[in-house]
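Listed below, chain by chain, are the residues.
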Amino acid sequence: MPAPVVPMKAVATDQLPPDDDRWAFEVKWDGMRVVAEVRAATPGGDEGALRLWSASGSDATDRFPELAGLPGAVHEAGSVVLDGEVVALDPTSGRPEFGLLQPRIQATTPGAVQRAAARQSVQYIVFDVVSVDDQPLLDHPYRDRRSRLEELLEAGPNWRVGPSQRGDGELLLDAVRRQGLEGVVAKRIDSPYVAGSRSSAWRKIKVRLHQELVVGGWLPGEGGRVSTFGAVLVGYRDPPAHGAEPAGPLRYAGRVGTGFRQRDLITTLTELERRQRPNCPFDPPPPAPVARLARWVDPTLVAEVAHAEWTRDGVLRHPSFLGWRTDKDPSTIGRTP
DNA sequence: TTCCGACAGTGGGGTCGCAAT
DNA sequence: ATTGCGACCCCACTATCGGAA
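What you see is a predicted model, and the numbers here were worked out from it, not measured in a lab. (Residues numbered from 1 in each chain as written. Chains lettered and ligands numbered in written order. Predicted model: local features only at pLDDT ≥ 70, side-chain atom pairs only at ≥ 80, totals over all residues. Heavy atoms only, no water.)

Asker: Please clarify how the overall build of chain A should be interpreted in this entry.
Answerer: Of the regular secondary structure elements, chain A holds six helices and 19 strands. Among the 337 residues that make up chain A, the fraction classed as buried is 45%. Long-range pairs, those at least 24 residues apart, make up 68% of the contacts in chain A between residues at least 6 apart in sequence. Counting every atom, chain A has about 16900 Å² of accessible surface; 50% of that belongs to carbon and sulfur. Seen as two clouds, the 42 positive and the 44 negative side-chain charges of chain A have centres 6 Å apart. (Helix = DSSP H or I, 4+ residues; strand = E, 2+ residues; numbered from the N terminus. Buried < 20%, exposed > 50% of the residue type's maximum accessible area, 1.4 Å probe, protein only. Contact = heavy atoms within 4.5 Å. Areas by Shrake-Rupley, 256 points an atom, 1.4 Å probe, with all protein chains shown as cover. Lys, Arg positive; Asp, Glu negative; His and termini not counted. Charge placed at Lys NZ, Arg CZ, Asp CG, Glu CD.)

See the structure below:
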């Protein structure tokens, strides 16, 4: 059975739209996009029905047993199609953390889902309704779909309608930044739901961190990049154990393979080859699968890298190359955030 | 003409599950 | 028992092309 709708997506941008009344602002939740097809429960005893879909159209119903009560929370409609994000909240910080959701997404057996669900429950943050009683609402403006959504879905222990505010995007972005959330999504309040499309009527503004890092090695490229390189291996200096020595051990911080333009690839390869050395400069060395393929270089090149956050394993998430910092002393590059 | 949206193709971290070792 | 690998999730970014503005 196919998914009832392919989710609409937002274009990425680094600037908020003008803060006028034509835009609504929502938190960008760091989780898994899920479309819910719900047949409402009735007082007469019909318990309703629920089917969940991933953004790529695969059936995810069995992965999130805590949403089984959703049909009982839909009122004034016999059936609805909802759009939202499933998130896993870190119990200590209260923030959504994608890593906590992963075991659930990856599980393929009922037993694995059960074990993952026992350790970590999920929340479904609903932000749109695209169909009611088999009548598509795609052509209705965002504003109308939202008010419809708020009428028909009652919050439950594991689901709720995500907040949306008219205007004041700057305020929301500040709050999101302070709380360590992923970003903000701006939506034109008069825009239709264009299924499957990445429309500029929806814009995501993600919080990106900047970090200077030292290059200690690189990996060969594939496909169109076999003749240059795939990624550079980056790291930072830990503070020295004692005293004021400038450079402690070089800690591995991940691979950076995107953000390079064609001409960067060629000039960078030259710089890497010039710094070639036989042994690994990282202490400890990167994980085996990386180290096995790596070519090592003297750690003297400093890159500026954008990323979303540091993972639990101390490496960069969603890293991208911004440029070279020839003005920086590589022995002073530490981890900033 | 310029710009936008869709695709393809490269790259990232992480987890699960199965096959090979 | 360990390791390697692909399949999925999330994604960033560059380059290209055709059609809309």
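Anyway, onward from the coordinates.
Asker: Explain the side chain of serine 131 to me, please; I cannot follow it from the model alone.
Answerer: Of note, serine 131 is situated in strand S6 (residues 123-132). What serine 131 contacts, discounting residues up to four positions off in sequence, is Ser79, Val80, Val81, Pro136 and Leu137.

Asker: Please clarify how the protein's contact with DNA strand C should be interpreted in this entry.
Answerer: For DNA strand C, the set of nearby residues contains 22 residues, the closest of which are Ser58, Gln106, Lys206, Gln262 and Ser320. Within 4 Å of the protein, the atoms of DNA strand C are drawn from sugar and phosphate moieties in a proportion of 85%. Measuring from a sugar or linking oxygen of DNA strand C, one finds a side-chain N or O atom of arginine 208 at 3.2 Å. In this structure, serine 320 approaches DNA strand C through a side-chain N or O atom, which is 2.9 Å from a phosphate oxygen. The element that contributes the greatest number of residues to the surface near DNA strand C is helix H1 (residues 98-106), accounting for four residues. Partitioning the surface near DNA strand C into residue classes produces four nonpolar, 11 polar and seven charged. (Near = heavy atom within 4 Å. Polar contact = N/O pair within 3.5 Å; in protein donor to acceptor, adjacent residues only side chain to side chain. Nonpolar A, V, L, I, M, F, W, Y, C, P; charged D, E, K, R; others polar.)

Asker: Teacher, can you tell me more about the protein's contact with DNA strand B here?
Answerer: The local shell around DNA strand B holds 27 residues, among which Gln106, Thr108, Gly224, Arg255 and Thr311 are the closest. Near the protein, within 4 Å, the atoms of DNA strand B are sugar or phosphate in 88% of cases. At 3.5 Å from a phosphate oxygen of DNA strand B is found a side-chain nitrogen or oxygen belonging to threonine 109. Among the elements of the structure, H1, strand S11 (198-206) and strand S14 (250-256) are those that each provide at least two residues to the surface near DNA strand B. A total of four residues in the surface near DNA strand B trace back to one element, the largest contributor, which is H1.

Asker: Is there a simple way to explain helix H5 (residues 262-274) in this structure?
Answerer: An α-helix turns once every 3.6 residues. As a result, residues three or four positions apart point the same way. Compared with the 18 Å implied by 1.5 Å per residue over 13 residues, the 19 Å span of H5 between its first and last C-alpha is a close match. Residues of H5 that are buried make contact with strand S12 (209-219), strand S13 (231-237), strand S15 (276-277), strand S16 (295-307) and strand S19 (320-324). (Expected span 1.5 Å × (residues − 1).)

On their own, these measurements won't tell you what the molecule is for.
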